[in-house]
Amino acid sequence: MSSIVVPADYSNYSFPEFKGHVSRDGLINTIEMYLDANDVVFVYGEEGFGKTSVLAEFFSRHEKSSIVLSIDPINKYSYYLESLIRDIILQVKIYLNQDVDITNGIFDKKEMVKNFGTLEYIIKKHNKELYVVMDGLDQIPDDDDSYIKDLLDYLPIGKKNIKFLFSAKKGMLEKSIKSRKTKSINIDLFSLEETKKLLPGIGDDKLRVLLNSFRATPEMLSSIKRLTEQGVTIDDILQMDVEDTEGLFEEEWSRSESVVEKYKEFLGILAFSKTSLSLEQISLEIGMRYESIIEAECISFLHVTDKHAKFRSVGFAKFARKKLKDLRMKSLRYITNIMTKTPKSLDSLSSLPSYFNDLGDTQAVISHLSNENLELLLSESKSLNDLFRQLDLGISCAEDNELEMLRFSFLKSLVTGIKTSSLLKSELKNFLIKEDVKTALDLAHGAASKEEQLQILCMIAADYKEKEKPLPESIELQIETLFQGISPESLGVEKTLDIAMDLLPFDSAKAMSLINQIDQMGGGGENKSEYAFFRFTLHALQKKPDAFDGEIEIKNFSEKKSDACQACWNLESGGF
């Protein structure tokens, strides 16, 4: 490691350039102090408070020893799990000064774990520290946040000399972080002194009135700064009828009214697109020369590069959708026309059905969700989450088409019913017999779903217990995290029972907890839940007579089920 390359120079997720940024040295110094004593630091703050700029400033101090992921919430595919893993692996390899084969290289979870292992050894050997800086996680929609939870499961959190800095909403990430050495810091509104640096030449009295009138967030103050640079006085701003920030958005929009009118169709596509479209694609679709579209950079609330354009903030994107609501359907047709030119691309496979649905064209949704396209989506994305979303959309659009409803329902049932294969379990047992725990854990980390990963980890934990060896804390924490995410109501009786049986030898209390929840599920029927319970009981007696202990709490069980449990305990104590 004779020379250190800056990893972020090769990342697709480096921080954007901040113009007119006010340094917050005191805050950065506090973050550095917290990271010295902890594995993880969370930076909390409401939207627009400047979390991104603070993390960017920290990163600029430590760019030679940092890996960065700055996620753009406006573009769904900027937080696609496979893309994030690929980028992390690339940055780690660059940091280690290794050759990277972008075309034929391996970029999966197993490779990421392997590279982090090498990284941990190298930085420990050279007594260095590495910072992993992740921004934008709190902006990801709830129905997509499983990507982030999956990613966090594979990060080396808690490893010596590797520190993590996250921006987040309070309570969002804590349950997914497997470290007890964490610290949080809240970002407050800009102070008078910080505001004076951003808006020089304005008297203290007027600035105090300004700060009392508006929330002093970086986004708000940057908007005010741009207005003052366009000739608007602070008195003019203070006399505006501002409701939250919308008045400032409206004012800035109106300042660019003539230019906005020229670029309305372009702005409509940006406002209603859920994916990142290139300037070249947009120019061809709306019949505007590429050179003319590039000139849209004169619109203050747009960030335009040679290839792409986007609104400077989520707030402006929302405001643009409100202002351009009459162009919504036309914009959606433009977007679908662009994406149907590459129908087999990952963006089109995952997004076109949603656009068709927004247009009210349910037949187009059904046609696009062919078996071939669904298979290709799964193959390209490696994500069951996307597949489930598409199948749910297909079901909702096929209400009047019984044949297609049957097809989508069957496919969803087929995917939902995927169990941990007997072949996989046999392979796992073979590794455990050979005491090859590392390969067994790699098998768990490569599981197709969280439920399957939990089952494999439970089998590993049961092997530790049977051999009377202490279970590593990392495995115990992973099992606890995955168990908390189990929803018997969503999984159904059979899948929940399958998980409970694998939990049984390691943690009978957790296993009984799932069985108890099956008993409370009204949809399965009394007979079905009782059948599941007695199958579980027989499995317990056959597999491990001492699997139950008398301290397990049983709630809402019928008398005969309680009798069955008592029979298990009697067997353990020699009562039969």
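Preceding block: the structure.
Conventions used here
Residues numbered from 1 in each chain as written. Predicted model: local features only at pLDDT ≥ 70, side-chain atom pairs only at ≥ 80, totals over all residues. Heavy atoms only, no water. Buried < 20%, exposed > 50% of the residue type's maximum accessible area, 1.4 Å probe, protein only. Helix = DSSP H or I, 4+ residues; strand = E, 2+ residues; numbered from the N terminus. Pairing = 2+ DSSP bridges. Contact = heavy atoms within 4.5 Å. Phe/Tyr/Trp six-rings, centres within 6.5 Å; stacked < 30°, edge-to-face > 60°. Lys NZ or Arg CZ within 6 Å of the ring centre and 35° of its normal.

Strand β3 (residues 130-135) sits mainly inside the fold: six of its six residues count as buried. Here β3 shows a buried face lined by Leu130, Val132 and Met134 and a second buried face lined by Tyr131, Val133 and Asp135. The pairing of strand β2 (residues 66-70) with β3 spans five bridges and is classified as parallel. Counterpart to isoleucine 67 in the pairing with β3 is valine 132.

Let us look at the environment of phenylalanine 42. Here phenylalanine 42 shows up in strand β1 (residues 40-44). Setting aside residues no more than four positions away along its own chain, phenylalanine 42 makes contact with Phe166, Leu173, Glu174, Ile177, Thr182, Lys183, Ser184 and Ile185.

Turning to the packing of aromatic side chains, a few remarks are in order. Within this structure, the stated rule accounts for seven aromatic pairs. Centroid distance phenylalanine 42 to tyrosine 44: 6.0 Å. Interplanar angle 5°. Geometry classified as stacked. As far as burial versus exposure is concerned, phenylalanine 42 and tyrosine 44 are alike and both buried. Ring plane angle 75° and centroid distance 5.9 Å describe the contact between tryptophan 253 and phenylalanine 319, whose orientation is recorded as edge-to-face. Placement of tryptophan 253 in helix α10 (residues 246-255) and of phenylalanine 319 in helix α15 (residues 314-323) is noted, with a sequence separation of 66 residues between them. Side by side, tryptophan 253 and phenylalanine 319 carry an identical accessibility label, which is buried. Clustering of aromatic rings is evident, with ring pairs tying together Phe42, Tyr44, Phe164 and Phe166. A cation over a ring is seen here: lysine 274 above tyrosine 355, with NZ or CZ 5.4 Å from the ring centre. The ring of phenylalanine 483 has lysine 510 lying over it, and the distance from NZ or CZ to the ring centre is 5.5 Å.

Before going further, it helps to examine unusual backbone geometry. With a phi angle near 75°, asparagine 161 is a residue other than glycine that sits in the positive phi range. Counting through the fold element by element, asparagine 161 comes out in the loop between α5 (146-153) and β4 (162-168). Taking the relative accessible area as the measure of exposure, asparagine 161 reaches 12% and is therefore buried. Of note, glutamate 468 is a non-glycine position whose phi angle comes to about 55°, a positive value.

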